[in-house]
Amino acid sequence: MMAYIIRRILYAIPILLGVNILTFMLFFVVNSPDDMARMNLGMKRVTPEAVENWKQERGYHLPLLYNSGREGAASITETIFFQKSVKLFKFDFGSSDNGRDIGYDISQRMWPSLAIAIPVLLVGLLVNITYALLIAFFRATYIDFWSVVLCVVMMSISGLFYIIGGQYLVSKLLHLVPISGYDTGLEAIKFLVLPTIIGVIGGIGSGTRWYRTLFLEEINKEYVRTARAKGLSETLVLFRHVLRNALIPILTGVVVVLPLLFMGSLITESFFGIPGLGSYTIDAINSQDFAIVRSMVFLGSVLYILGLILTDISYTVVDPRVRLT
Amino acid sequence: MAGLYKKALIILTAFLVSACTGGSWNNPYPDGDASQSILYSAFSERPKHLDPVRAYSSNEYSFIAQIYEPLLQYHFLDRPYRLEPLAAARMPQVYYLNAAGERIAEQAEPGEIAYSDYWIDIKPGMRYQPHPALARDEQGEFSYHSLTSQQIDAANVLTDFPVTGTREVTAADFYHQIKRLAFPRLNSPIAGVMGDYIVGFSEFGKRVAEQYKTQQQEGAESSYFDLRQHEMEGVEVIDRYRLRIRLKGKYPQFLYWLAMPFFSPMPWEADAFYSQPGLEKRNISLNWYPLGSGPYMLEENNPNLRMILAENPNFHGESYPTTGEPDDERRGLLQSSGEPLPLIKRAIYSLEKESIPYWSKFLQGYYDTSGISSDSFDQAIQFSSQGEIGLTDEMAQKGITLHTAVTTSIFYFGFNMLDSTVGGSTESSRLLRQAISIALDFEEYISIFSNGRGVAAQGPLPPGIFGSRSGAEGVNGYVYDPGDGSQPQRKPIEAAKALMRQAGYPDGRDLKTNKPLILYYDTTATGPDGKARLNWMRKQFAKLGVQLVIRSSDYNRFQDKMREGTGQMYMWGWNADYPDPENFLFLLYGPNGKVEHAGENSSNYRNEEFDRLFVQMKNMENSDERLAIIDRMLEILRHDAPWAWGYFPKAYSLSHAWYGNVKPNLMANNTLKYKSIDPQLRETQRELWNPPVVWPLGLVAAVLLVTVVPAIRMYRQRERSAAR
């Protein structure tokens, strides 16, 4: 398995390089270094000299991809792309365009993102699996029918509606929790209740439908029929046999998203005023801070690749028939 | 599995219980803060720069203006806006000099004045906030000016340097800050303007830039560059409390600049401390942790969450004004007269990116003030049958107060004067611009897109700025019929069509080509709201039979077009730096043309007479003579119509009954110190407005129960059937 993992890590290098080039190209198609300088320096009384100074200080005075003024390796190394990208592979994110240490900011802002993402994931799993099992148990009854209808309706509603509706109902009308905000330590709990509930409710439709499909697929398999033939109760069949076997796709589906939990949720963080990595990325895009955008895309890619590797590994853990070679 | 459910329930209950202990359940602040004199407000965008050499935008000023004390400030209550000393002991004494350096009379002709000397006395006894940059050990050495790499690596925030110190503000600190404005490495936005006026400013900048470069090339470990070793010709520290600044020629507007945070004292120790290698990488910089002498200091700077201003224990003291406008006493604005400032001891600004949660929290009493977004306008404001603006019953019942003021800003519709169709000084293009000016119904625009919050402009000067006239005298006769002067009437569209015929475009057809006239509007508007605006714009041009082509682009490309002069018509805005007509009229001064001179004249307008009058007017004191010149300048502009003038936005804000001393002051940014809070009233109202409503939770539980019972029954039936 070790050889497999090493091979996958080596495969990741060209992928990351490609992602980096793509990000670079897309960013600089829309924003030139002059635009970035003007955005950073402000809108009023920005002189060409100030723009030039800004670019010079941050290394944006160099050509983008190829430096025709240099010879040999320097024509590649003395470019914005090379200067800004190489350090990423050492996980040195450098400084943002306004001088902040990106690595430190990420280390600070991933915790609020996790503080929402982990409860939403765990409680969501619990609720969705429970509900899906319930529907599977009552399959082909009115409970199954109306639950599926409910799930489809819930899936069709925009996530933004849950957020605004939840804030309006729970905070504005019922006055049960603060409408937005965040704090550190235990004080954070009262701010996390609503986004967690909304995150869970917002995911019930699609999650339950997906798990119901998995359970129903398992329920029709021969080993389930055998279990029933042995005289086991339906509850035991569901919990001891169906759930355990359906856990394989559930687990692998969860593992793949685990690393991405760090990246946060763009809309939720924005509406609830939570200082996580989702809002960090959005702010960077709005302020044309290439250093942060590049770092976050790179980090997202690394975490995604990590998630895929972990998924492969988790297959071998939950299904002994799978071998990684 | 049952155990897991139990645990989940216990955790959820613990969440709810911990969230709901004491006070209102939805209170986002700690219960212990309820009785304290704390202001609660919000910000939507992180301030980029807190260094007074760089900060220039309103969201930056809302913080640093409370922390730094420039030499002058605007009187809080007096109108028209009036400057008064802040860090200065008295208003600067200005002496004029001829080319030989001899003092000449104050009434001397501007042409005779070669230099202006500003003699400035500063208040003795002002001290900086407690700060590690000023901390000294028992031997008198600076505690943190020679940090080791271990100390730097262990620091993530400024409070990781626990020892703080202070010292008195001296004239040398103002001199140091002026040098910082000139230092190119710090990219001050006003370096260009100051270079035009302060003697030796630009030369100083070039010199220190060269020497800094040399220092770095020689492998200096630190980025610290000791500005004390270099002198600027035009600035002299006379003694500990006196400073002289020499300007080229006469520039009365310089006083307004002295009221901006750019001219705050900055101790050299701040630069020496923050320049130590590694600190900036640890996010410890002057841009993040200010060092001021004002009434407040930045206690917490976490702009991703909140920023907290706390009273500066070393503040030298200031009193609430004892005079104001005649109506101020009746409005209770003089109740705090003579009281020591600041009245509020702490201010907590929370990050609130979305307008909906901000508005809801304001209505719940968790923010003391609020603006009014378009979404909440109808909930907050209503118009009487006479068209008067007032609060809705819901707001009035809560004791909320509405404050309105016409801002010192303008949103204008501009023509690119370099364009071959709408630009230039030909009669045809001028009449075309005038026709478009009539057709663009900005009264309608304000009504539709700004909820009536604006005043259609008659020229570039907003009401309240010297030179802006009210009544019939102030009406733009090319676009409006004066009527009785109180409400000028936009000329009928037939008048615009007549102008189009004279211009050679009858019914929107170009007589030269016999084709429909097609004009181009460059904009950054996008989304549904933008689409509505653009449709409105098309409709205005369609009134003249002109086809309008919209060229949408992002803001970067839009700026490129403006810089290159490839746009034809556009809409842009300007927010005044100071309340002087020069700060608006310079937007149309020829040598400020954007294409040729990279200035702020985006229309690239040039008129010799206007430019000559501008030069004459800009250095004059407000007087009848100056007014007459401005009148003539406005007449030239209205005749030439390089802008279709647009509108002056009106600022609407709301405040709760417990928030006192609120008077809109659009020039002053340091008004927090005057504000007051009644925490008892606030707490009472919060509890009244936010009782937790728990019965729906019971209802949800009941509904679940009702749903679950038949399910359980069915489950049992199935279990029994399976057992058979």
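Because the structure is predicted, anything quoted here is derived from the model rather than measured.

**Q** Would you take a moment to explain the packing of aromatic side chains for this structure?
**A** The description of an aromatic ring pair rests on the distance of the ring centres and on the angle between the ring planes. Following the criterion strictly, the structure yields 62 aromatic pairs over all chains and no others. Here A:F24 and A:F290 contribute two aromatic rings whose centre-to-centre distance is 5.8 Å and whose plane-to-plane angle is 75°, an arrangement assigned as edge-to-face. Separated by 266 residues along the polypeptide, A:F24 in helix 1 (residues 2-30) and A:F290 in helix 14 (residues 290-318) bring together distant segments of the chain. In this pair, the class of A:F24 matches that of A:F290, namely buried. Ring pairs connect the aromatic residues B:Y56, B:Y74, B:Y81, B:Y256, B:W257, B:F262 and B:Y578, which therefore count as one cluster. In this structure, B:R246 is placed above the aromatic ring of B:Y115, and the distance from its NZ or CZ to the ring centre is 5.7 Å.

**Q** Could you clarify how one ought to interpret the nonpolar core in this entry?
**A** Soluble, globular proteins show a tendency: their nonpolar side chains are buried together. Residues and elements named next belong to chain B. Counting 92 residues, the largest nonpolar core has I198, I245, F254, W257, F263 and F273 as the members making the most contacts within it. For this core, the element with the most residues is helix 4 (residues 171-182), which contributes six residues. Those residues in contact with I198, other than ones at most four positions away along the chain, are I178, M232, V235, I245, R246, L247, K248 and F254. Among the nonpolar cores identified, the runner-up in size contains 39 residues, and A435, F449, Y505 and F541 belong to it.

**Q** Can you walk me through the domain arrangement of chain B in this structure?
**A** One widely used convention gives an interface's size as the accessible area the parts lose upon coming together. Structurally, chain B comprises domain 1 (50-282), domain 2 (409-650) and domain 3 (699-724). Once you take the C-alpha centre of each, domain 1 of chain B and domain 3 of chain B turn out to be 77 Å apart.

**Q** Explanation requested: helix 12 (residues 427-439) of chain B in the structure shown.
**A** All names here are of chain B. Taking 1.5 Å per residue, 13 residues should reach 18 Å; helix 12 reaches 18 Å between its end C-alpha atoms and fits that length. Burial analysis of helix 12 places eleven of its 13 residues in the buried class, the great majority of the element. Among all positions of helix 12, only S429, R430, L431, L432, R433, Q434, A435, I436, S437, I438 and A439 are buried.

**Q** Can you help me understand the side chain of B:H49 in this one?
**A** Of note, B:H49 is situated in the loop between strand 1 (38-43) and helix 2 (58-67). Polar contacts involving the side chain of B:H49 include one to the side chain of B:R54, which spans 3.0 Å. Excluding anything up to four places from it in sequence, B:H49 contacts A:N40, B:R54, B:A55, B:E60 and B:N287.

**Q** Explanation requested: the interface of chain B and chain A in the structure shown.
**A** With 74 residues of chain B at the interface, the matching set in chain A holds 63 residues. Between chain B and chain A the total buried area reaches about 6,100 Å² when both faces are included, carbon and sulfur atoms providing 53% of it. Here chain B is connected to chain A by three salt bridges. B:R306 is the partner of A:D183 in a salt bridge, and the nearest nitrogen-oxygen pair spans 3.3 Å. For the pair chain B and chain A, the number of links is 19 residue pairs in polar contact (both at pLDDT 80 or more). Those elements giving two or more residues to the side of chain B that touches chain A turn out to be helix 1 (2-19), helix 9 (355-363), helix 16 (555-564), strand 24 (569-575) and helix 22 (695-723) of chain B. In terms of residue count, helix 22 of chain B provides more of the side of chain B that touches chain A than any other element does, eight residues in total.

**Q** In this structure, what is going on with the packing of helix 13 (residues 277-286) of chain A against helix 14 of chain A? I would like to understand it.
**A** For any two helices packed against each other, one specifies the inter-axial angle together with the distance between the axes. Residue and element names in this part refer to chain A. Contact geometry of helix 13 with helix 14 gives a least axis separation of 8 Å together with a crossing angle of 140°. The angle between helix 13 and helix 14 places the two elements in the oblique class. Both helix 13 and helix 14 take part in a crossing whose hand is left-handed. Along the contact surface, helix 13 presents L277, Y280, T281, A284 and I285, while helix 14 presents I292, V293 and M296. Here the contact of helix 13 with helix 14 is composed, by residue class, of seven nonpolar, one polar and no charged.

**Q** How do you make sense of unusual backbone geometry when you look at a structure like this?
**A** Outside of glycine, negative phi angles account for most residues, and trans bonds account for most peptide bonds. Residue and element names in this part refer to chain B. Across the junction of R79 and P80, the peptide omega takes the value -5°, indicating a cis bond. Summarising the element assignment, P80 is placed in the loop between strand 2 (72-74) and strand 3 (83-85). Phi at N514 takes a positive value of approximately 60°, unusual for a residue other than glycine. Classification of N514 as exposed rests on a relative accessible area of 52%.

**Q** Hey, could you run me through the pairing of strand 11 (residues 346-351) of chain B in this one?
**A** On a regular strand, one side chain projects to one face of the sheet and the next to the other, so that they alternate. All names here are of chain B. Counting buried positions along strand 11 yields five of six residues, so the element is predominantly enclosed. Note that strand 10 (residues 306-311) and strand 11 share five bridges and pair antiparallel. Bridge pairing in strand 11 places I308 opposite I348.

**Q** Quick question: what am I supposed to make of the sheet that holds strand 5 (residues 103-104) of chain B here?
**A** Hydrogen bonds between backbone groups are what pair the strands of a sheet, and the pairing can be parallel or antiparallel. Residues and elements named next belong to chain B. Read across the open sheet, the five strands follow the order 5-4-6-8-7; overall the sheet is antiparallel. The sheet terminates laterally at strand 5 and strand 7 (235-239), the two strands that pair on one side only. Here strand 6 (residues 115-121) runs beside strand 8 (residues 242-248); their pairing, made up of seven bridges, is antiparallel. Bridging across to strand 8, Y118 finds its partner in I245. Sheet contacts for helix 4: strand 7 and strand 8; angle to strand 7, the most-contacted strand, approximately 170°.

**Q** I would appreciate a short explanation of the pattern of salt bridges in the present structure.
**A** Pairing is possible between side chains that carry opposite charge, provided their charged atoms lie close to one another. This model, assessed by the stated rule, comprises 48 salt bridges over all chains. Where B:E236 meets B:R244, a salt bridge forms, and the shortest distance between an N and an O atom there is 3.0 Å. For B:E300, the salt bridge goes to B:R306, with nearest N and O atoms at 3.2 Å. Exposure remark for B:E300: the relative accessible area of 23% places this residue in the partly exposed category. Here the salt bridges do not stand alone but share partners, grouping A:D35, B:R557, B:D560 and B:R563 into one network.

**Q** Explain the environment of B:E609 here, please?
**A** Residues and elements named next belong to chain B. Residue position: E609 is located in helix 19 (residues 608-618). As a C-alpha pair, E609 and A272 span 337 residues in sequence and 50 Å in three-dimensional space. E609 has contacts with R632 and I636, leaving out every residue within four places of it along the chain.

**Q** What exactly am I supposed to notice about the domain arrangement of chain A here?
**A** Residue and element names in this part refer to chain A. Partitioning chain A into structural domains gives domain 1 (31-90) and domain 2 (107-318). For domain 1 and domain 2, the distance between their C-alpha centres works out to 41 Å. Contact residues are listed per partner, giving eight residues for domain 1 and eight residues for domain 2. Summing the contributions of domain 1 and of domain 2, the shared interface buries around 770 Å²; its carbon and sulfur component is 64%. One can count two residue pairs in polar contact (both at pLDDT 80 or more) joining domain 1 with domain 2. Ranked by the residues each element gives to the side of domain 1 that touches domain 2, the list is headed by helix 2 (residues 33-41), at three residues. Taken together, the residues that form the side of domain 1 that touches domain 2 break down as five nonpolar, one polar and two charged.

**Q** It is not clear to me how the sheet that holds strand 1 of chain B should be interpreted in this structure. Could you clarify?
**A** Residue and element names in this part refer to chain B. Across the sheet, which stays open at both edges, the four strands sit in the order 1-11-10-9 with mixed pairing between neighbours. A single partner strand is all that each edge strand has here, and the edge strands are strand 1 and strand 9 (296-302). On average, each strand axis in the sheet is inclined to that of its neighbour by 20°, with strand direction left out of account.

Cut-offs applied
- Residues numbered from 1 in each chain as written.
- Chains lettered and ligands numbered in written order.
- Predicted model: local features only at pLDDT ≥ 70, side-chain atom pairs only at ≥ 80, totals over all residues.
- Heavy atoms only, no water.
- Phe/Tyr/Trp six-rings, centres within 6.5 Å; stacked < 30°, edge-to-face > 60°.
- Helix = DSSP H or I, 4+ residues; strand = E, 2+ residues; numbered from the N terminus.
- Buried < 20%, exposed > 50% of the residue type's maximum accessible area, 1.4 Å probe, protein only.
- Lys NZ or Arg CZ within 6 Å of the ring centre and 35° of its normal.
- Core = buried A, V, L, I, M, F, W, Y, C linked by side-chain atoms within 4.5 Å.
- Contact = heavy atoms within 4.5 Å.
- Domains from an automatic or database assignment.
- Expected span 1.5 Å × (residues − 1).
- Polar contact = N/O pair within 3.5 Å; in protein donor to acceptor, adjacent residues only side chain to side chain.
- Buried area = accessible area lost by both parts, 1.4 Å probe.
- Salt bridge = Lys/Arg side-chain N within 4 Å of Asp/Glu carboxyl O.
- Axes fitted to C-alpha atoms, helices over the stretch in contact; angles between N-to-C directions.
- Parallel < 35°, antiparallel > 145°, perpendicular 65-115°, else oblique.
- Left-handed = near helix turned anticlockwise from the far one by under 90°.
- Nonpolar A, V, L, I, M, F, W, Y, C, P; charged D, E, K, R; others polar.
- Pairing = 2+ DSSP bridges.

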